[in-house]
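Spelled out from the first residue to the last, the chains are:
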Amino acid sequence: MTQRLKVLVTGAAGLVGAEVTARLVAAGHEVTAVVHRNSALVRNDGTPLDMSSVTCLPGDVTKARLGLSEAGYGELAAGRIDRIVHCAAITDFGRPEEVYQSVNVDGTAHIVELARDAGADLVHVGTAYVCGERDGLVRETELDQGQRFANGYEASKLRAETLVHKARADGVRAAVVRPSIVVGDEHTGVVRDYKNIYIVLKLTTEGKVRSIPGLYEARLDLVPVGYVADVITQVTERFDEAAGRTFHAVGSPLSLRDFSDVMAEYPSFRVPRFVPPTSFDAQRLEPQERRYYERVVSLYESYFRRRMTFDDSNTEALGVRRAPGDGQDFLRRLINHCLESGYLGTPLAGVTDVLNRLDITGPDTTGPAANDSNGAGR
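Remember, predicted model here, so these are calculated numbers, not experimental data.

## Some points on the environment of arginine 148
Right, so step 1: Checked against the element boundaries, arginine 148 lands in the loop between strand E6 (136-138) and helix H4 (152-169).
Right, so step 2: In sequence terms arginine 148 and valine 225 are 77 residues apart; their C-alpha atoms lie 27 Å from each other.
Right, so step 3: Setting aside anything within four residues of it in sequence, one finds arginine 148 in contact with Gly132, Glu133 and Arg305.

## What about the sheet that holds strand E4 (residues 83-86)?
Right, so step 1: Spatially, the seven strands line up as an open sheet ordered E3-E2-E1-E4-E5-E7-E12, and their pairing is parallel. Among the strands making up the open sheet, the edge pair consists of strand E3 (54-58) and strand E12 (246-249). When the angles between neighbouring strand axes are averaged without regard to direction, this sheet yields 20 degrees.
Right, so step 2: When strand E2 (residues 30-35) meets E3, the two strands line up parallel, connected through five bridges. In the sheet register, valine 34 faces E3, and the bridge partner there is leucine 57.
Right, so step 3: Packing against the sheet, helix H1 (residues 15-26) makes contact with strand E1 (6-10), E2, E3 and E4, and its axis sits at approximately 170 degrees to E1.
Right, so step 4: This element, H4, spans strand E5 (121-125), strand E7 (174-179) and E12 of the sheet and lies at about 160 degrees to E5.

## Quick look at the environment of leucine 215
Right, so step 1: Within the secondary structure layout, leucine 215 lies in the loop between strand E9 (211-213) and strand E10 (219-220).
Right, so step 2: Those residues in contact with leucine 215 that lie beyond four places of it in its chain are Leu256, Pro277, Phe304, Arg305 and Arg307.

## Focus: the pattern of salt bridges
Right, so step 1: Under the defined criterion, the tally for this structure stands at 32 salt bridges.
Right, so step 2: Arginine 159 is the partner of glutamate 97 in a salt bridge, and the nearest nitrogen-oxygen pair spans 2.7 Å. Here the residue glutamate 97 occupies a position in helix H3 (residues 97-118), and arginine 159 occupies one in helix H4, the gap between them amounting to 62 residues.
Right, so step 3: Between glutamate 241 and arginine 238 there is a salt bridge; the shortest N-O distance is 3.0 Å.
Right, so step 4: Its relative accessible area of 26% is what places arginine 238 among the partly exposed residues.
Right, so step 5: Salt bridges here are not isolated pairs; linked through shared partners, they connect Glu19, Arg23, Arg43, Glu186, Asp230 and Arg321.

## A word on the confidence of the model for the protein
Right, so step 1: A residue-level look at the protein finds 91% of positions with pLDDT of 70 or above and a mean pLDDT of 90.
Right, so step 2: Within the model, pLDDT remains below 50 along residues 347-355, and this stretch shows 19 contacts once partners closer than five positions in the same chain are excluded.

## Quick word on the pairing of E5
Right, so step 1: Along E5, five of the five residues are buried, which leaves the element largely enclosed by surrounding structure.
Right, so step 2: Of the two faces of E5, both are covered, the one formed by Asp121, Val123 and Val125 as well as the one formed by Leu122 and His124.
Right, so step 3: The pairing of E4 with E5 spans four bridges and is classified as parallel. Counted as the bridge partner of arginine 83 is aspartate 121 from E5.
Right, so step 4: Between E4 and its parallel partner E5, the chain crosses via H3, and the hand of that crossover is right-handed.
Right, so step 5: Examined bridge by bridge, E5 and E7 share four bridges and lie parallel to one another. Within the sheet, the bridge partner assigned to valine 125 lies in E7 and is valine 177.

## Some words on the side chain of glutamate 289
Right, so step 1: Along the chain, glutamate 289 turns up in helix H9 (residues 287-295).
Right, so step 2: Judged by relative accessible area, which is 6%, glutamate 289 ranks as buried.
Right, so step 3: At 2.6 Å, the side chain of glutamate 289 forms a polar contact with the backbone nitrogen of arginine 210.
Right, so step 4: Contacts of glutamate 289, omitting those with residues within four sequence positions, involve Lys208, Val209, Arg210 and Ser211.

## Here we look at unusual backbone geometry
Right, so step 1: Backbone geometry at arginine 65 places phi at a positive 55 degrees, although glycine is not the residue there.
Right, so step 2: Mapped onto the fold, arginine 65 is located in the loop between E3 and helix H2 (70-77).
Right, so step 3: Even without a glycine there, the phi angle at asparagine 196 is positive, about 50 degrees.
Right, so step 4: Examined against the element boundaries, asparagine 196 turns out to sit in the loop between strand E8 (181-183) and helix H5 (197-205).

The rules we used
- Residues numbered from 1 in each chain as written.
- Predicted model: local features only at pLDDT ≥ 70, side-chain atom pairs only at ≥ 80, totals over all residues.
- Heavy atoms only, no water.
- Helix = DSSP H or I, 4+ residues; strand = E, 2+ residues; numbered from the N terminus.
- Contact = heavy atoms within 4.5 Å.
- Pairing = 2+ DSSP bridges.
- Axes fitted to C-alpha atoms, helices over the stretch in contact; angles between N-to-C directions.
- Salt bridge = Lys/Arg side-chain N within 4 Å of Asp/Glu carboxyl O.
- Buried < 20%, exposed > 50% of the residue type's maximum accessible area, 1.4 Å probe, protein only.
- pLDDT = per-residue confidence, 0-100.
- Right-handed = clockwise from strand over helix to strand, strands pointing away.
- Polar contact = N/O pair within 3.5 Å; in protein donor to acceptor, adjacent residues only side chain to side chain.

If you want it as structure tokens, here you go:
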């Protein structure tokens, strides 16, 4: 029987954080959930967690000592926790640099300090795309290889993971889990939050962006949220085996050609034309399409030309179940849920607010759904 642990989870209201919290509670662990604005923990399928099994702790990772009083922090650091699972992060793109620094980097520094003060083990949730725009095999043992980054999110996660590595060298017991592109349920396609790749899917299938720079041999690594939560939970429970190591939580990669072929199976979809990056010129796009491209799609288009493969030897050696290997079928399940839920095919409430935030104006108001980016979730 697994030892009963006292676990602190940051970002517990986020997509991954809520699933990790649910698994830890189900396994009988005592969970304290750090929440920023949202104290209601909802699982990926929309099911609320039984809060009688979770202690909610209002806190802010961007502040020293999580913004707690001296007495509150002292109580937390005095043996209340055995292990910290740090999920809190800003994961959407296009945010100001100071936001990434405050939440992803400074937030990690504050959690490292708590782990040191409490003598707690740390499971840090990073990203597989800390590899930046490298091609080829990306190993779990690699971190800073002088890689170039496509956005501030990736760069901030390198700085955050570097802090964890330095703390580990100073005696903090830590392990790192790096998910790839987190999407919906592997069996049903259900997803709670339509973010990141879903935004691009909406804009392209509705024909708002018809041309994107990309390589058909590029690889998109989509990983189900449940599998990511399983890996994090396993690392947390089997920490003595995991300490000092990094674990890729990755899925079955799809080539951009595979992705495009699946999109073409849906008669209602407009399938974007992927243009070699050396030939693409955004200035040739129609004005409205160019605005969508520049304000939204350009934040993600580097993922359509990357040709890397993620090594997950450590994850496999830990005995975590394999991620689903049916890449195209999995993508179909994701798309089918988007159609059934109304995310694709019909405008959603709140879309105009998102376009205004991205400074996209005009009569067309059927852009991407809103992101929930409060610094408390992943």
